[in-house]
Amino acid sequence: MITTAILTGDIVNSRETSPKIWLPYLKEGLNAYGKEPHHWEVYRGDSFQLETIPERALEAAYFIKAILKQKKGVDVRIAIGLGEKDYHSEKITESNGSAFVRSGECFQNLKKTNLALRSSTLEFDEILNLSLKLMALTADNWLPATARVVKTTLANPEASQKELVPILEKSQSTISEALLRAGYDELQQLLVFYKTKVTQL
């Protein structure tokens, strides 16, 4: 049974970039999915933990990635753990359960990839992690302008490209081209696939 999702992450090469540059962006991304410190916390300088519902976990990971990659040279590593929450604390970093353990173990094993997932179902994990590696070929190379379009589109899922024009202050053709470069259609297909499968676990 899966009751929650825990995202454990940190900023890639954080020592090379001042927290003043990326911390406000990270907090904006985390705030979109809950309140501090019950749902999220930043700790040890550049590390963070976020709890969200399983169906939104992968979307949250890509949203946080997109929001941070708006700043040149900034990226994030995230491990998603799916499972239970056995011990509830006012602070997310003091809570516990299988979702926390899997997230932590998955994070420790992040080597050549910036995003991975662990659940209790090996087959699901293998399929998703292969898909995440393929998506990383595009997402890891998002430039700041592209990342801003992805972030804004994810934040406004019901909006058409035309409706995003005044928000982004870009032409519809520029938005369309940016989403094409970002692999946004493929990302949406991956998110739909993930949501369908995670509800079956």
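Everything here concerns the structure above.
In this text, all values refer to a predicted model and were calculated from it rather than measured experimentally.

What counts and how
Residues numbered from 1 in each chain as written. Predicted model: local features only at pLDDT ≥ 70, side-chain atom pairs only at ≥ 80, totals over all residues. Heavy atoms only, no water. Helix = DSSP H or I, 4+ residues; strand = E, 2+ residues; numbered from the N terminus. Pairing = 2+ DSSP bridges. Axes fitted to C-alpha atoms, helices over the stretch in contact; angles between N-to-C directions. Contact = heavy atoms within 4.5 Å. Salt bridge = Lys/Arg side-chain N within 4 Å of Asp/Glu carboxyl O. Buried < 20%, exposed > 50% of the residue type's maximum accessible area, 1.4 Å probe, protein only. Core = buried A, V, L, I, M, F, W, Y, C linked by side-chain atoms within 4.5 Å. Parallel < 35°, antiparallel > 145°, perpendicular 65-115°, else oblique. Nonpolar A, V, L, I, M, F, W, Y, C, P; charged D, E, K, R; others polar. Phe/Tyr/Trp six-rings, centres within 6.5 Å; stacked < 30°, edge-to-face > 60°.

**Considerations on unusual backbone geometry**
Residues apart from glycine generally show negative phi values, whereas peptide bonds are mostly found in trans. Cis peptide bonds are those with omega within 30 degrees of zero, and the linkage from Glu 36 to Pro 37 qualifies with 0 degrees. Along the chain, the position of Pro 37 falls in the loop between α1 (19–31) and β2 (40–43). Despite not being glycine, Asn 13 shows a phi value in the positive range, around 50 degrees. You can see Asn 13 is positioned in the loop between β1 (4–12) and α1. Of note, Arg 44 is a non-glycine position whose phi angle comes to about 50 degrees, a positive value.

**Regarding the sheet that holds strand β5 (residues 115–118)**
Taking strand neighbours across the sheet as the criterion, the five strands line up as β2-β3-β1-β4-β5 in an open arrangement whose pairing is mixed. Two strands bound the open sheet, and with one partner strand each, they are β2 and β5. Averaged over all pairs of adjacent strands, the angle between strand axes in this sheet comes to 15 degrees, irrespective of strand direction. Pairing between strand β4 (residues 75–83) and β5: four bridges, direction parallel. Within β5, the residue paired with Gly 81 across the bridge is Arg 118. Contacting β1, β2 and β3 (47–52), α1 runs over the sheet at an angle of about 160 degrees to β2.

**Examining the pattern of salt bridges**
If you walk through the whole model with that rule in mind, you get eight salt bridges. Across the salt bridge formed by Asp 140 and Lys 65, the nearest N and O atoms sit 2.7 Å from each other. Placement of the pair is Asp 140 in the loop between α4 (122–139) and α5 (144–155) and Lys 65 in helix α2 (residues 57–68), with a sequence separation of 75 residues. The class for Asp 140 is partly exposed, based on a relative accessible area of 27%. Residue Lys 65 is classed as buried on the basis of its relative accessible area, which comes to 6%. In the salt-bridge network here, residues are joined through shared partners; they are Lys 65, Lys 69, Asp 75 and Asp 140.

**Topic: the environment of Ile 53**
When you line up the elements, Ile 53 lands in the loop between β3 and α2. Considering only alpha carbons, one finds Ile 53 and Gln 189, 136 residues apart in sequence, at a separation of 19 Å.

**Some thoughts on the nonpolar core**
The biggest cluster of nonpolar side chains holds 50 residues, and the ones touching the most others in it are Leu 58, Tyr 62, Ile 80 and Trp 142. Here this core gets 10 residues from one element, more than from any other, and that element is α2. Residues contacting Tyr 62, with those up to four places away along its chain left out, are Leu 115, Leu 132, Met 135, Ala 139, Trp 142, Leu 154, Leu 187, Leu 190 and Leu 191. Grouped together as the second largest cluster of nonpolar side chains are five residues, Ala 79, Cys 106, Phe 107 and Ala 116 included.

**Overview of the packing of α2 against helix α8 (residues 184–198)**
Across the interface, α2 lies against α8 with an axial gap of 9 Å and an inter-helix angle of 150 degrees. With respect to α8, the element α2 is oriented roughly antiparallel. Here Ala 57, Leu 58, Glu 59 and Tyr 62 of α2 come into contact with α8, specifically with Leu 187, Leu 190, Leu 191, Tyr 194 and Lys 195. Looking at the contact of α2 with α8 residue by residue, the class counts come to seven nonpolar, no polar and two charged.

**Some remarks on the packing of aromatic side chains**
Applying the stated criterion across every chain, the model contains two aromatic pairs. Aromatic side chains Tyr 33 and Phe 63 sit 5.9 Å apart centroid to centroid with 65 degrees between the ring planes, which places their arrangement in the edge-to-face category. Here Tyr 33 is found in the loop between α1 and β2, whereas its partner Phe 63 is found in helix α2, with 30 residues between them in sequence. The residues Tyr 33 and Phe 63 share a single accessibility class, namely buried. Ring centres of Phe 124 and Tyr 194 lie 6.3 Å apart, and the angle between their planes is 35 degrees; on these two criteria the pair is classed as tilted. Note that Phe 124 is positioned in helix α4 and Tyr 194 in helix α8, a separation of 70 residues in sequence. One exposure class covers both Phe 124 and Tyr 194, and it is buried.

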